[in-house]
Structures are given as C-alpha cells and as structure tokens.
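So the chains spell out like this:
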Amino acid sequence: MKKYLVIGNPIGHSLSPLIHNHWMKKYCLVDSIYEKRKIEKKDLKNIVNEIRNEEIKGVNVTVPFKKEIIPFLDCLDGAAESTHSVNTLCKVNNEVWGYNTDTPGFRTSLTKDPSIDIRNKNIFILGAGGVTPSIIETFLDVANKIYITNRTKEKAKELKKLADISLTLMGRKKIIEVINWGEKPKVCDIVINTTSVGLTKDENLDLNFKDYENNNDVLFYDVIYNPKETNFLKDARLRGNKTLNGKMMFLWQAQIAFQIWTNICPEIDDEAMKLLD
Ligand code: ATR
C-alpha cells in the first residue's frame, strides 16, 4: 500500500484527502490511500523518517508546521527555499525534499483567469501567517508595489525581510512596504486576505474599504475556500468589487503535489470542483 498524509493541527477541516483520493481512484492507483493525521511538533522528525524509510510515500504539510518541518528535510525546492514554507514532502533518490506548491497554486489561480492581469499592479496583503510568504512570492517579479499589514506588525516585517532577499537576487528594487494594522494604502488593484479571520462564518476583519465602492476593477481575494464566501468577500461583492475565494488555489496546489508524487498531472474536472462545494 502506498500511503499519503496531510499533517497539521488542527486537521479536521482539511479537504486534501477528498481531492487526492478522488484522483487516486480516477487514475486507478488502487494501492494508494491518502489520510489526515493530527500531529504535534515533536512528531515532525518521525514523519520525515517514515518518508525516508518508505513507509509513507508523500505528505502535505499544513498549519502550523509549514516552517517547522524545514530543519528535518534534506533539500528544498526553489519556492520553499525563498519563502521558508513547505507544504509537500517527497523522497527523491535518498533525500527527503520539501516543496512549496502554494506559490504556483496561487499564481495559477490568478493567471488562468482571463479577467485578471497581475502585471505592474499595487497589491495589498492582509495577514502574515503560514500561507502569506507564498502569496507574496507570487508577486515579487511582477508587482509595482506590495503593501503588507498584520495585527502583529513584527511578523509582517519578518516577511518583508525575507522577500527583500528574493528581490535583491532578482535585481529588483524594494517594492514592499509594511503598514500598521487598521491603516490602508491608497486604493490598490488586488486586496488579499491571508488571515484566518473568516474561517468561522460570522468573523469580520473590521477594516473599512469604503473607498473601494463601485470599483469593479479591483479584485478582492480570500485564500479561505470554506466557507465559500467570507464576510471579506461578501462585503467586496456588495461594494461592487471582483471577488475570488481560495478554491482554485487549493486545487492547483493539490494538482502540483499529486504530480510530484505520482508523475501524473491530474485533471481538475467538474467532479474535483464539486467535491469542494
Ligand atoms: P500562524 O499565525 O500560526 O502562522 P496562521 O493561521 O497561518 O497561523 O495565520 C493566522 C493569521 O491570521 C495571522 O496573520 C494572524 O495575525 P497575528 O500574526 O497577529 O496573529 C491573523 N489573525 C488571526 N486572528 C486575527 C484577528 N482576530 N484579527 C486580525 N488578524 C488575525
């Protein structure tokens, strides 16, 4: 049996088993099974050893271990290295590799949408949690300016520091500015919620976006896909802004992880889309 896992804490909400087991069935990988496992930080080393010993074939890593897993790995792919965030593990030759498929997953969710153009835009990112460096990374080579705000300002500053290293390596000037929580830059082209506020239906970010009223050119993006429409997106829709939730990002990141493990690029078909509804 080839065993795959998603690890995190909490883990009950994860829909990764649904999508990966769907693809395993679709591509007749009859000896494969994908499960979720709630773990503690002290278990990370053992998980990596289970991959090394081939007791587990592939792992997805979710909150809050995307960074904590790194010291136990042998190698990181490019995006994992630059974001210090790993969401996929696989044994390659005799090494356990960490990949970041959130970054290409997020980017693809934007670039595959013909109504969205990410070039030369001003981006406003709310939050500085586990997924945020992957979101920032997507815009580093194309954005005009990136504003980051987080309740705990220090965490946003840390992410700016990390991203500035990538910008220097790219030969780009510093385009990131950290702003105080509760304050806003001038109207941006894309506003992204990467905080966990909204995971519970009645939670609200309590930021005032009145100056975005009737602006259909602006995209409000929430990386949350369950619930389908957070208050952040509902308010944006009622204001007349474009909205997108994290469903396609989730599917694209899962597609890339599946391909890393199996060499099969699974189709994001209607059935896969419906699984998340
Ligand atoms: P972690 O903080 O462990 O990385 P996460 O779920 O990846 O966990 O990130 C949660 C994000 O949502 C953080 O940016 C967090 O802000 P803090 O860094 O200040 O904790 C943000 N967040 C959670 N609850 C919030 C709230 N009530 N108001 C504003 N931001 C909140």
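Trainee: An account of the side chain of S109 is requested, with residue identities and associated values reported.
Mentor: Note that S109 resides in helix 4 (residues 102-111). On the accessibility criterion, S109 (5% relative accessible area) is buried. A distance of 2.6 Å separates a polar atom in the side chain of S109 from the backbone oxygen of F106. Apart from residues lying up to four places away in sequence, S109 is in contact with Y221, L244, M248, M249 and W252.

Trainee: Which residues make up the sheet that holds strand 6 (residues 95-99), and what values do they have?
Mentor: As summarised here, the arrangement of the six strands in space is 2-1-3-5-6-4, forming an open sheet in which the pairing is mixed. Two strands lie at the open edges of the sheet, namely strand 2 (32-38) and strand 4 (75-76), each paired on one side alone. Pairing of strand 5 (residues 88-92) with strand 6 involves five bridges; the strand directions are antiparallel. Counterpart to V92 in the pairing with strand 6 is E95. Running at roughly 40 degrees to strand 5, helix 2 (residues 44-52) makes contact with strand 1 (2-8), strand 2, strand 3 (58-61), strand 5 and strand 6 of the sheet.

Trainee: Quick one: what's the story with the pattern of salt bridges, residue by residue and with numbers?
Mentor: Overall, the coordinates contain 17 salt bridges when judged by the stated rule. One salt bridge in this structure joins R37 and E50, with 3.3 Å as the shortest N-O distance. Pair noted here: R37 is in strand 2 and E50 is in helix 2, with a separation of 13 residues, a long-range link. Here E50 falls in the buried class, since its relative accessible area comes to 17%. In this structure, K91 engages E54 in a salt bridge whose closest nitrogen and oxygen atoms are separated by 2.8 Å. With K91 in strand 5 and E54 in the loop between helix 2 and strand 3, the pair connects residues that are 37 residues apart, well separated along the chain. Salt bridges sharing common partners tie together K26, E267 and D269.

Trainee: Explain the pairing of strand 1 residue by residue, including any values.
Mentor: With respect to burial, strand 1 is a largely interior element, five of its seven residues being buried. As judged from the seven bridges shared by strand 1 and strand 2, these two strands associate in the parallel manner. Within the sheet, the bridge partner assigned to G8 lies in strand 2 and is K38. Once you follow strand 1 into helix 1 (residues 16-26) and on to strand 2, the crossover reads as right-handed. By the bridge criterion, four bridges tie strand 1 to strand 3 in an arrangement that is parallel. Within strand 3, the position partnered with I7 by the bridge is V61.

Trainee: For the site of the ligand, give the residues involved together with the corresponding values.
Mentor: Inspection of the region around the ligand gives G127, A128, G129, G130, N150, R151, T152, K155, W181, T195, S196 and V197 as its neighbouring residues. Interatomic distance of 2.7 Å between a side-chain N/O atom of K155 and an oxygen atom of the ligand. Contact distances for the ligand include 3.1 Å between an oxygen atom and a backbone N or O atom of S196. In the shell around the ligand, the residues fall into three nonpolar, seven polar and two charged.

Trainee: Any details on helix 6 (residues 153-170)? Residues and values, ideally.
Mentor: Its 18 residues give helix 6 an end-to-end C-alpha distance of 26 Å, which sits within 8% of 26 Å, the value for a rise of 1.5 Å per residue. Among the residues of helix 6, A156, L159, L162, A163, D164, S166 and L167 are the ones counted as buried. Those residues of helix 6 that are buried lie in contact with helix 3 (78-83), helix 5 (132-139), strand 8 (145-149) and strand 9 (176-179). Once helix 6 ends, the next one or two residues include G171, with phi positive near 75 degrees.

Trainee: Run through the sheet that holds strand 12 (residues 242-244), naming residues and quoting values.
Mentor: In spatial order, the strands read 9-8-7-10-11-12; together these six strands make up an open sheet with parallel pairing. A strand with exactly one partner marks an edge of an open sheet, and here the two such strands are strand 9 and strand 12. In this sheet, neighbouring strand axes are inclined to one another by 20 degrees on average, regardless of whether the strands run parallel or antiparallel. One ladder, built from five bridges, connects strand 7 (residues 122-126) with strand 8; its direction is parallel.

Trainee: Got a sec to walk through the packing of helix 1 against helix 8 (residues 247-262)? Specific residues and values, please.
Mentor: The interhelical angle for the contact between helix 1 and helix 8, taken along N-to-C directions, is 50 degrees, at an axis separation of 11 Å. Considering the angle they form, helix 1 stands oblique to helix 8. Between helix 1 and helix 8 lies a crossing of right-handed hand. Contacts from S16, I19, H20, W23 and M24 of helix 1 reach helix 8 at F250, L251, A254, Q255, A257, F258 and W261.

Trainee: Account for the packing of aromatic side chains, naming residues and giving values.
Mentor: Summed over all chains, the structure comprises 13 aromatic pairs. Relative to F258, the ring of W23 has its centre 5.5 Å away and its plane inclined at 65 degrees; by these criteria the two rings are edge-to-face. Of the two residues, W23 is situated in helix 1 and F258 in helix 8; the sequence distance between them amounts to 235 residues. The exposure class assigned to W23 is buried, which follows from its relative accessible area of 0%. Judged by its relative accessible area of 0%, F258 is buried. Taken together, the ring pairs in this structure connect F209, Y212, F220 and F232 into an aromatic cluster.

Scoring rules and cut-offs
- Residues numbered from 1 in each chain as written.
- Predicted model: local features only at pLDDT ≥ 70, side-chain atom pairs only at ≥ 80, totals over all residues.
- Heavy atoms only, no water.
- Helix = DSSP H or I, 4+ residues; strand = E, 2+ residues; numbered from the N terminus.
- Buried < 20%, exposed > 50% of the residue type's maximum accessible area, 1.4 Å probe, protein only.
- Polar contact = N/O pair within 3.5 Å; in protein donor to acceptor, adjacent residues only side chain to side chain.
- Contact = heavy atoms within 4.5 Å.
- Pairing = 2+ DSSP bridges.
- Axes fitted to C-alpha atoms, helices over the stretch in contact; angles between N-to-C directions.
- Salt bridge = Lys/Arg side-chain N within 4 Å of Asp/Glu carboxyl O.
- Right-handed = clockwise from strand over helix to strand, strands pointing away.
- Near = heavy atom within 4 Å.
- Nonpolar A, V, L, I, M, F, W, Y, C, P; charged D, E, K, R; others polar.
- Expected span 1.5 Å × (residues − 1).
- Parallel < 35°, antiparallel > 145°, perpendicular 65-115°, else oblique.
- Left-handed = near helix turned anticlockwise from the far one by under 90°.
- Phe/Tyr/Trp six-rings, centres within 6.5 Å; stacked < 30°, edge-to-face > 60°.

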